[in-house]
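Notes for the structure review
Spelled out from the first residue to the last, the chains are:
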Amino acid sequence: AAVDGLRSGGGAWVAVSPESRIGLGSELRRDIAAVAERWTAAVAEAEGLLPEEASEEAIVGPYVTLRQLRLLAKSLRGIARKGVPRIPGRVTTHDNGRVSARVVPADRFDRLMYPGVTADVWMQPGVAKRDLASTQALAYRQPDAGGVCLVLGAGNVSSISPLDAIYKLFVANRVVILKMHPSQAFMAPILEAGLRALIRDGYLRIVHGGADEGAYLAAHPGVDELHVTGSYHTYDAIVYGTGAEGDERRLRDVPILDKPFSAELGNLTPVIVVPGRWTDADIDYQADNVASMLTNNAGFNCTTPRVIITPAGWRLRHRFLNAVRAR
């Protein structure tokens, strides 16, 4: 029933203008801000934290969701005015002909919060600087008939499920059926209140269940594509099946699911250390960084580092590794 209801609203969502989506985003920011304290308290209780220990959950829950919606509004205003979002940094054509665009820092906030941190998007070979305007925001300039995306919610961080749903709606132009992860089921009433503008207009449905319900929805003919944040075991089970037959299909790359499927999966994330004339302050700073990555959310993140790669001949190698161990 949820899928059928969304299918009738999919075409309507594609027709919603960037200006109207900006208005929806304003509603979402207001409603999420209104439930932010409930959100933080609920996650802290679920994780067994004391109220004074809940600041991390406030940041990685409602705060980053509100931050994402503010950035999304800025992109939508650019799309409404010029058809594409403004690229916040420089666009560079390198000696080999490849083009890159700097996207972080996006604003003064990024420069204050992440000093010295930059991020570039590298284009595929053959894409020239003049091509960028024609490759941005395609969902708005070349809209298709829309469709239904199943988002299988993450079980570790409370903001991931709503952010995945918002991305699929506003960036990929899909209406969304969001199946909450069982460990995050307590968040459903809070998200239903925070995202009620999308639910009210028939663009989002939040449902519940475990692996059986997820498998049913993944195979449902009314679901056009999928996204999951979670374990690679979950991804493999859906795409290739389970047991020895599933393993054999995976090795041959013969999927049983013929639908577009995006995923962010847990893995052995590496930290790659570039050698140099590091000062003691550099070593201390980066040792803190690595230790923080390991302890954030008790290490229960898809991106938690599990391998540190250092050059064998780097004379500061052992000093750095010992600093990480000390932290």
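Treat the numbers as computed from the prediction; the structure is a model and nothing was measured. (Residues numbered from 1 in each chain as written. Predicted model: local features only at pLDDT ≥ 70, side-chain atom pairs only at ≥ 80, totals over all residues. Heavy atoms only, no water.)

Quick notes on the packing of helix α3 (residues 55–82) against helix α7 (residues 160–170)
Any two packed helices are characterised by the angle at which their axes cross and by the distance between the axes. At a minimum axis separation of 11 Å, α3 and α7 run at an interaxial angle of 10 degrees. When the axes of α3 and α7 are compared, the pair comes out roughly parallel. Contacts between α3 and α7 involve V64, T65, Q68, L69, L72 and L76 from the former and L163, I166 and F170 from the latter. Partitioned by chemical class, the residues of the contact of α3 with α7 number seven nonpolar, two polar and no charged. (Axes fitted to C-alpha atoms, helices over the stretch in contact; angles between N-to-C directions. Helix = DSSP H or I, 4+ residues; strand = E, 2+ residues; numbered from the N terminus. Parallel < 35°, antiparallel > 145°, perpendicular 65-115°, else oblique. Contact = heavy atoms within 4.5 Å. Nonpolar A, V, L, I, M, F, W, Y, C, P; charged D, E, K, R; others polar.)

Quick word on the pattern of salt bridges
One pass over the full model with this rule turns up 19 salt bridges. As a salt-bridge pair, E27 and R200 come within 2.9 Å of each other at their nearest N and O atoms. One end of the pair, E27, is in helix α2 (residues 18–46); the other, R200, is in helix α9 (residues 196–200), with 173 residues separating them in the sequence. Overall, the relative accessible area of 21% leaves E27 in the partly exposed class. Note that D144 and R174 form a salt bridge whose closest N and O atoms lie 3.2 Å from each other. Note that D144 is positioned in the loop between α6 (138–141) and β4 (148–152) and R174 in the loop between α7 and β5 (175–179), a separation of 30 residues in sequence. Here R174 falls in the buried class, since its relative accessible area comes to 13%. Three or more residues joined by partner-sharing salt bridges are found here, namely E27, R30, D31, R196, R200 and D201. (Salt bridge = Lys/Arg side-chain N within 4 Å of Asp/Glu carboxyl O. Buried < 20%, exposed > 50% of the residue type's maximum accessible area, 1.4 Å probe, protein only.)

Digging into the side chain of D110
Position of D110 relative to the elements: it lies in helix α4 (residues 108–113). We classify D110 as buried; its relative accessible area is 8%. Those residues within four positions of D110 in sequence are excluded, and the remaining contacts are R67, V104, P105 and P115.

Let's talk about unusual backbone geometry
In this chain, V104 is followed by P105 through a cis amide linkage whose omega measures 10 degrees. Mapped onto the elements, P105 comes out in the loop between β2 (99–104) and α4. The backbone of A298 sits at a positive phi, close to 55 degrees, despite the residue not being glycine. Relative to the helices and strands, A298 resides in the loop between α13 (280–295) and β10 (305–309). Judged by its relative accessible area of 74%, A298 is exposed.

What about the sheet that holds strand β1 (residues 91–93)?
One open sheet holds the three strands; their spatial order is β1-β2-β3, and the pairing between them is antiparallel. Each end of this open sheet is capped by a strand with a single partner; those strands are β1 and β3 (119–122). The average undirected angle you get between the axes of adjacent strands in this sheet is 30 degrees. The sheet contact formed by β1 and β2 spans three bridges and is antiparallel. Looking across to β2, one finds that T93 is bridged to V99. (Pairing = 2+ DSSP bridges.)

Let's talk about the nonpolar core
A general trend in soluble globular proteins is that nonpolar side chains are found buried together. Within the largest apolar cluster, 56 residues are counted, with the highest numbers of intra-cluster contacts made by W13, F170, I177 and L198. When residues in this core are grouped by element, the largest group, eight residues, is from α2. Beyond its immediate sequence surroundings of up to four residues, L198 is in contact with W13, L24, L28, L169, F170, Y203 and L204. (Core = buried A, V, L, I, M, F, W, Y, C linked by side-chain atoms within 4.5 Å.)

Thoughts on α2
Taking the largest bend as the criterion, α2 deviates by roughly 50 degrees, centred on V35. Taken from the residues just after α2, G48 is the one with a positive phi, measuring 75 degrees. (Bend = angle between axes of the 7 residues up to and from the residue.)

Everything listed here is a matter of geometry and, on its own, says nothing about what the molecule does.
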